[in-house]
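# Structural characterization, general
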Amino acid sequence: MALAGFFYWQHHKEQTAGLAGEQLQSAYDALSDGKKDVASSTLAPLAASGRPGYATLARFTQADLLLQNKNEKGAAAMFAAIADDSAAAKPFRDLALVRQTLAEYDTLKPQAVIDRLRPLAVPGNPWFGSAGEMVAVAYLRSGRRDLAGRMFGQIARDANVPQSIRQRSVQMAGVLGVDAVAQSEDVKAQ
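The structure presented is a predicted model; accordingly, all values stated were derived computationally and were not measured. (Residues numbered from 1 in each chain as written. Predicted model: local features only at pLDDT ≥ 70, side-chain atom pairs only at ≥ 80, totals over all residues. Heavy atoms only, no water.)

### What about the environment of A89?
Relative to the helices and strands, A89 resides in the loop between α4 (72–83) and α5 (90–104). When the C-alpha positions of A89 and P52 are compared, they lie 8.0 Å apart, and in sequence the two are 37 residues distant. (Helix = DSSP H or I, 4+ residues; strand = E, 2+ residues; numbered from the N terminus.)

Rendered as structure tokens:
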């Protein structure tokens, strides 16, 4: 009897996961058709569903919609909620922290940006490019050109950082007296 109960539970779990996936796809289809209201009404129950993966993706999409509507405060609050949600996978929480910081960037003191993103602004971290760039600009805003130059130099040397961020970092490092061009060329040759 217990085995039958387990199989039923497993089957039910797979069915609800499939339904959640269909709902998320339906919301994405509505967005691609320009039907934000339909997408929002589909995303709301999914975001509150308690299914960690799908709920997190739905909440990210809701936050992105808030950003599109110029509601940075609302988006930042939603990203903060994802970042603080222990049920969400760590890569999602880290991405939410980066997105929250980006949404709030102009209202934050430079040291707040530095403190918040420092753990992510290290080579080898998947969010190093984005987090490192915001930290480097925060260093600039706080008058610490040497630290900004070093951070931009590190970003320029990291082959795992997207090329567009690396190119900006090479330029910024050069302006700040750090020769990242040769270092960046070395990384390209590898």
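There is more to say after this.
### Observations regarding the nonpolar core
Ranked by internal contacts, the top residues of the largest apolar core, which has 34 residues, are V113, L117, V135 and M151. For this core, the elements supplying multiple residues, two or more each, are α3 (52–68), α4, α5, α6 (110–117), α7 (128–141), α8 (145–157) and α9 (163–175). Sorting elements by how many residues they give to this core places α7 first, with seven residues. Not counting residues within four places of it along the chain, the set of residues in contact with L117 comprises L97, V98, T101, A131, M134 and V135. By size, the runner-up hydrophobic cluster in this structure holds 10 residues, among which are A27, L43, A47 and A58. (Core = buried A, V, L, I, M, F, W, Y, C linked by side-chain atoms within 4.5 Å. Buried < 20%, exposed > 50% of the residue type's maximum accessible area, 1.4 Å probe, protein only. Contact = heavy atoms within 4.5 Å.)

### Points about the side chain of S169
Relative to the helices and strands, S169 is located in helix α9. Overall, the relative accessible area of 0% leaves S169 in the buried class. Sequence-distant contacts of S169, that is, excluding residues within four places in its chain, are made with F152, I155 and A156.

### Comments concerning unusual backbone geometry
Despite not being glycine, K70 shows a phi value in the positive range, around 65°. Among the structural elements, K70 can be located in the loop between α3 and α4.

### Details of the packing of aromatic side chains
As enumerated under the stated definition, the model contains two aromatic pairs in all. With a centroid separation of 6.0 Å and 50° between ring planes, the pair formed by F60 and F92 is classed as tilted. Taken together, the residues F60 in helix α3 and F92 in helix α5 connect sequence positions 32 residues apart. For F60, a relative accessible area of 7% corresponds to the buried category. Residue F92 is classed as partly exposed on the basis of its relative accessible area of 29%. Taken together, the ring pairs connect F60, F79 and F92 into an aromatic cluster. (Phe/Tyr/Trp six-rings, centres within 6.5 Å; stacked < 30°, edge-to-face > 60°.)

### Quick look at the packing of α7 against α8
It is the contact of α7 with α8, at a shortest axis distance of 8 Å, that shows an interaxial angle of 160°. Our classification of the angle between α7 and α8 gives roughly antiparallel. For the pair α7 and α8, the crossing hand works out as left-handed. Touching F128, G129, G132, E133, V135, A136, V137, Y139 and L140 of α7 are R145, L147, A148, M151, F152, Q154 and I155, all from α8. Taken together, the residues of the contact of α7 with α8 sort by class into 11 nonpolar, three polar and two charged. (Axes fitted to C-alpha atoms, helices over the stretch in contact; angles between N-to-C directions. Parallel < 35°, antiparallel > 145°, perpendicular 65-115°, else oblique. Left-handed = near helix turned anticlockwise from the far one by under 90°. Nonpolar A, V, L, I, M, F, W, Y, C, P; charged D, E, K, R; others polar.)

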